[in-house]
Amino acid sequence: KVPWETCQTFSGSWGYCRDQENWKSVPQLVELLSETVSKGGNLIMNVGPTARGEFDERALERLEGFGKWMHGNARSIYGCTVAPEWMTAPTGTAITYNPKTGRAYMHLYNYPMGLVPVEWIDRVAYAQFLHDGSKIVIRQPYKTNMQSGEVRMPGGFSLPVKKPNQVVPVVEMWLKK
């Protein structure tokens with residue numbers, strides 16, 4: 001493991017380009033940031049000013065969206081890095097980890113309906129949405145006896161049906177020691 005960083009652009013150009021149309025969306029930018037941190041990296045974002053030295057409305061919109069998301073979710077980025085090896089990320093998520101606090105953060109790129117299956121759920125003491133501190137129900141795995149035999153039901157996070165008003169919701173986890 002070595003320190004690394006990546007330089008990325010908000011659009012397809014390193015400098016201002018009036019006719020540029022392939023700008024990354026705020027969810028794409030947040031995903032790029034959290035994915036980079038989850039792999040132990042540092043993200044440098046480049047956005048070019050106009051010839052007048054100002055950012056155009058597309059850049060400002062994305063910077064505002066980035067800032068709004070960071071306002072409620074910065075703890076999942078600052079001081080965070082790669083999660084412990086046993087903490088595999090479920091499909092459609094990335095996990096960042098703060099070694100000083102011992103907390104982990106699951107970034108939900110694809111908000112699932114109901115349960116996020118987590119194989120290591122027994123190592124989580126408490127979970128909440130990071131942006132507002134609302135509790136998330138932890139469901140332990142269990143076995144059920146169906147007519148055809150015993151079936152193991154996965155454990156995980158039982159999420160509210162309605163997605164929080166976040167471009168990328170983050171689950172903050174207190175891990176058992």
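Criteria and thresholds
Residues numbered from 1 in each chain as written. Predicted model: local features only at pLDDT ≥ 70, side-chain atom pairs only at ≥ 80, totals over all residues. Heavy atoms only, no water. Helix = DSSP H or I, 4+ residues; strand = E, 2+ residues; numbered from the N terminus. Buried < 20%, exposed > 50% of the residue type's maximum accessible area, 1.4 Å probe, protein only. Contact = heavy atoms within 4.5 Å. Areas by Shrake-Rupley, 256 points an atom, 1.4 Å probe, with all protein chains shown as cover. Phe/Tyr/Trp six-rings, centres within 6.5 Å; stacked < 30°, edge-to-face > 60°. Lys NZ or Arg CZ within 6 Å of the ring centre and 35° of its normal. Core = buried A, V, L, I, M, F, W, Y, C linked by side-chain atoms within 4.5 Å. Expected span 1.5 Å × (residues − 1). Arc of directions from axis to C-beta. Salt bridge = Lys/Arg side-chain N within 4 Å of Asp/Glu carboxyl O.

Trainee: Explain the overall build of the protein here, please?
Mentor: When you go through the protein residue by residue, the secondary structure sums to two helices and 12 strands. For the protein, the N- to C-terminal ordering of α and β elements is β-α-β-α-β-β-β-β-β-β-β-β-β-β. Its C-alpha atoms give the protein principal-axis dimensions of about 70 × 35 × 30 Å. For the protein, with 177 residues in total, the buried portion stands at 42%. Residue pairs in contact within the protein that sit at least 24 positions apart in sequence constitute 62% of those at least 6 positions apart. Carbon and sulfur atoms provide 52% of the accessible area of the protein, an area that totals close to 10600 Å².

Trainee: What am I meant to see in the packing of aromatic side chains here?
Mentor: In this description, a pair of aromatic rings is defined by centroid distance and the angle of the planes. Tallied over the entire structure, the rule returns three aromatic pairs. With centroids separated by 5.0 Å and ring planes inclined at 70°, the aromatic side chains of tyrosine 126 and tryptophan 174 adopt a geometry described as edge-to-face. One end of the pair, tyrosine 126, is in strand β7 (residues 124-129); the other, tryptophan 174, is in strand β12 (residues 170-175), and 48 residues separate them in sequence. Take tyrosine 126: its relative accessible area is 28%, and that puts it in the partly exposed class. A relative accessible area of 25% places tryptophan 174 in the partly exposed class. Residue placement shows arginine 123 over the ring face of tryptophan 86; its charged tip is 4.1 Å from the ring centre.

Trainee: What is the right way to read the environment of leucine 159 from this model?
Mentor: Relative to the helices and strands, leucine 159 is located in the loop between β11 (156-158) and β12. For leucine 159, a relative accessible area of 6% corresponds to the buried category. Considered as a pair, leucine 159 and lysine 39 are 120 residues apart in the sequence and their alpha carbons are 25 Å apart.

Trainee: Could you clarify how one ought to interpret the nonpolar core in this entry?
Mentor: The nonpolar side chains of soluble globular proteins are, as a tendency, buried together. Among the nonpolar cores identified, the biggest contains 22 residues, and Phe10, Val30, Leu33, Phe66, Trp69, Met70 and Ile77 are the most heavily contacted of them. Mapped onto this core, the elements with two or more residues apiece are α1 (26-38) and α2 (57-73). Element by element, the count of residues in this core is highest for α1, at five residues. Apart from the residues within four sequence positions on either side, isoleucine 77 is in contact with Leu33, Ser34, Val37, Trp69, Met70 and His107.

Trainee: I tried to follow α2 on my own but got confused; where do I start?
Mentor: Helical geometry: 3.6 residues make up each α-helical turn, so side chains three or four residues apart lie on a common side. Over its 17 residues, α2 runs 24 Å from end to end, which matches the ideal 24 Å to within 8%, given 1.5 Å per residue. Looking at α2, one finds that the buried residues are Arg58, Ala59, Arg62, Gly65, Phe66, Trp69, Met70 and Asn73. Along the axis of α2, the buried residues cluster in a sector spanning 130°; they form a single face. Facing away from the buried side of α2 by more than 90 degrees, the exposed set consists of Glu57, Glu61, Glu64, Lys68 and His71. Against α1, β2 (41-46), β5 (103-108) and β12 lie the buried residues of α2.

Trainee: I tried to follow the pattern of salt bridges on my own but got confused; where do I start?
Mentor: Side chains that differ in charge, positive against negative, can pair when their charged atoms come close. Tallying each qualifying case throughout the model produces six salt bridges. For arginine 58, the salt bridge goes to aspartate 56, with nearest N and O atoms at 2.6 Å. A single burial state applies to arginine 58 and to aspartate 56, both of which are buried. What you see here is one network of salt bridges that share partners, running through Arg75, Arg103 and Glu172.

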